[in-house]
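# Tertiary structure, described
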Amino acid sequence: MNAYVFPGQGSQSPGMGRDLYETSPAIKQLFDQANDILGYDLTRIMFEGTEEELKQTVYTQPAIFLHSVALALTTDSFAPDMVAGHSLGELSALTAAGALSFADGLRLASIRATAMQRACELAPSGMAAVTNLADDVIERICAGITDEIIIPANYNCPGQVVISGSMEGIRRASEQLTAAGARRVLTLAVGGAFHSPFMEPARAEFAEAVTNMVFQTPRCPVYQNVDALPHTDPAEIKANLIAQLTAPVRWTQSVERMVADGATEFIECGPGKVLQGLIKKINSSVPSRAI
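Remember, it's a predicted structure, so these values are computed and weren't measured experimentally. (Residues numbered from 1 in each chain as written. Predicted model: local features only at pLDDT ≥ 70, side-chain atom pairs only at ≥ 80, totals over all residues. Heavy atoms only, no water.)

A sheet is described by the order of its strands in space; here six strands give the open sequence S8-S7-S2-S1-S9-S10, paired in mixed fashion. One side of each edge strand has no neighbouring strand; the edge strands of this open sheet are strand S8 (230–231) and strand S10 (288–290). Looking at chain direction, strand S1 (residues 2–6) and strand S2 (residues 82–85) are connected through four bridges and run parallel. Opposite Tyr4, over in S2, you have Val83 as the bridge partner. Across the sheet, helix H6 (residues 89–96) is in contact with S1, S2 and strand S7 (222–223); its angle to S2 comes to roughly 155°. Along the sheet, helix H12 (residues 251–260) contacts S1, S2, S7, S8 and strand S9 (265–268); its crossing angle with S2, the most-contacted strand, is approximately 175°. (Pairing = 2+ DSSP bridges. Helix = DSSP H or I, 4+ residues; strand = E, 2+ residues; numbered from the N terminus. Contact = heavy atoms within 4.5 Å. Axes fitted to C-alpha atoms, helices over the stretch in contact; angles between N-to-C directions.)

The next point concerns the pairing of strand S4 (residues 150–157). Successive side chains on a regular strand alternate, one facing one side of the sheet and the next facing the other. The element S4 is extensively covered by neighbouring structure, given that seven of its eight residues are classed as buried. By the bridge criterion, six bridges tie S4 to strand S5 (residues 160–166) in an arrangement that is antiparallel. The residue of S5 that forms the bridge with Ile151 is Ser164. (Buried < 20%, exposed > 50% of the residue type's maximum accessible area, 1.4 Å probe, protein only.)

Ranked by internal contacts, the top residues of the largest apolar core, which has 62 residues, are Phe6, Leu91, Leu108 and Phe215. Each residue touching Leu91, except ones within four places of it in the same chain, is listed here: Phe65, Leu100, Gly105, Leu108, Ala109, Arg112, Phe206 and Leu241. (Core = buried A, V, L, I, M, F, W, Y, C linked by side-chain atoms within 4.5 Å.)

Here we take up the packing of aromatic side chains. Counted under the stated rule, the structure contains six aromatic pairs. Aromatic side chains Tyr21 and Phe31 sit 5.9 Å apart centroid to centroid with 50° between the ring planes, which places their arrangement in the tilted category. Taken together, the residues Tyr21 in helix H1 (residues 18–23) and Phe31 in helix H2 (residues 25–38) connect sequence positions ten residues apart. Comparing Tyr21 with Phe31 shows no difference in burial state: the two are buried. Considering the side-chain rings of Tyr21 and Phe47, the 5.2 Å spacing of their centres and the 65° angle between planes classify their relative orientation as edge-to-face. On the criterion of sequence distance, the pair formed by Tyr21 in helix H1 and Phe47 in helix H3 (residues 42–48) is long-range, its members being 26 residues apart. The pair formed by Tyr21 and Phe47 is uniform in burial state, with each residue classed as buried. Through pairs of rings, three or more aromatic residues link up here, namely Tyr21, Phe31 and Phe47. (Phe/Tyr/Trp six-rings, centres within 6.5 Å; stacked < 30°, edge-to-face > 60°.)

Quick look at the packing of helix H5 (residues 57–73) against helix H7 (residues 102–122) now. Taken N-terminus to C-terminus, the directions of H5 and H7 make an angle of 160°; their axes are 8 Å apart at the nearest point. On the basis of the axis angle, H5 is roughly antiparallel to H7. Note that H5 runs across H7; the crossing there is right-handed. On the side of H5, the interface is formed by Thr57, Val58, Gln61, Pro62, Phe65, Leu66, Val69 and Leu73, while H7 contributes Phe102, Gly105, Leu106, Ala109, Ser110, Arg112, Ala113, Thr114, Met116 and Gln117. Per-class residue counts for the contact of H5 with H7 are eleven nonpolar, six polar and one charged. (Parallel < 35°, antiparallel > 145°, perpendicular 65-115°, else oblique. Left-handed = near helix turned anticlockwise from the far one by under 90°. Nonpolar A, V, L, I, M, F, W, Y, C, P; charged D, E, K, R; others polar.)

With respect to the helices and strands, the residue Gln61 is situated in helix H5. The buried category is assigned to Gln61, whose relative accessible area is 0%. Setting aside anything within four residues of it in sequence, one finds Gln61 in contact with Gln9, Leu88, Ala109, Arg112, Ala113 and Met116.

Right, let's get into the environment of Ala202. By secondary structure assignment, the location of Ala202 is in helix H10 (residues 200–211). Given the relative accessible area of 0%, Ala202 is considered buried. In this structure the C-alpha to C-alpha distance between Ala202 and Arg112, which are 90 residues apart in sequence, comes to 7.2 Å. When near neighbours in sequence (up to four residues on either side) are disregarded, Ala202 contacts Ala115, Met116, Ala119 and Leu245.

Next up, the structure:
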């Protein structure tokens, strides 16, 4: 069974999508359509923007969505038995699987990005990657810091969890995690504490947009981040998509569940190879490749 997976923020790079744009008329049409929908020249930022410009959440998320979905929609062999996306990638997965139209998916990606960027500006917060420490140890240490917001936010693969919260929470958790045996606790260059309570203002804004958008039943199950389970019911999909902004991304668990449900190959659809690397660390016996 083919499992298509879609990357999230962090997989962008300057020049992304230019080769696709120049060689595929179908992709060029979607890129041009995206500029019209958004009302600004996203493709210029993707092709010519600096790394700093492209790292701005408000541009990063629509850019990755556009690259990923355009690739899926214009690939003749795209025939998913199941799909999943990491964080923002969940929107790409839902659109590629037919739960959302391209235009509506792109609009939601832009609304999500803008709302998250605004939420980041309300209070200083951040994220840090923790390597070589068991999930339960990280959970226990974060739970023990009760006077600051600090939670596990991304379960990326065994031995790699990202924590998210206040700057003081990250500082104190980093000290305790290092003392507990973490190989490294690396503060990430992100705008704020994604997938934590700091994103509540963004969740509320995004919820209104999702609630008013029409979702169809997808052509295959979508394994969602909040519970790592397959979903096809539009109402469930909407609720999980909204909850995702303040809840952990359970990527390790999603991949494990997809394998348990019969995935025989993972195909990454989008810029970069981040997810292929994570999947190999989660289950090296199932092959993975790019579209």
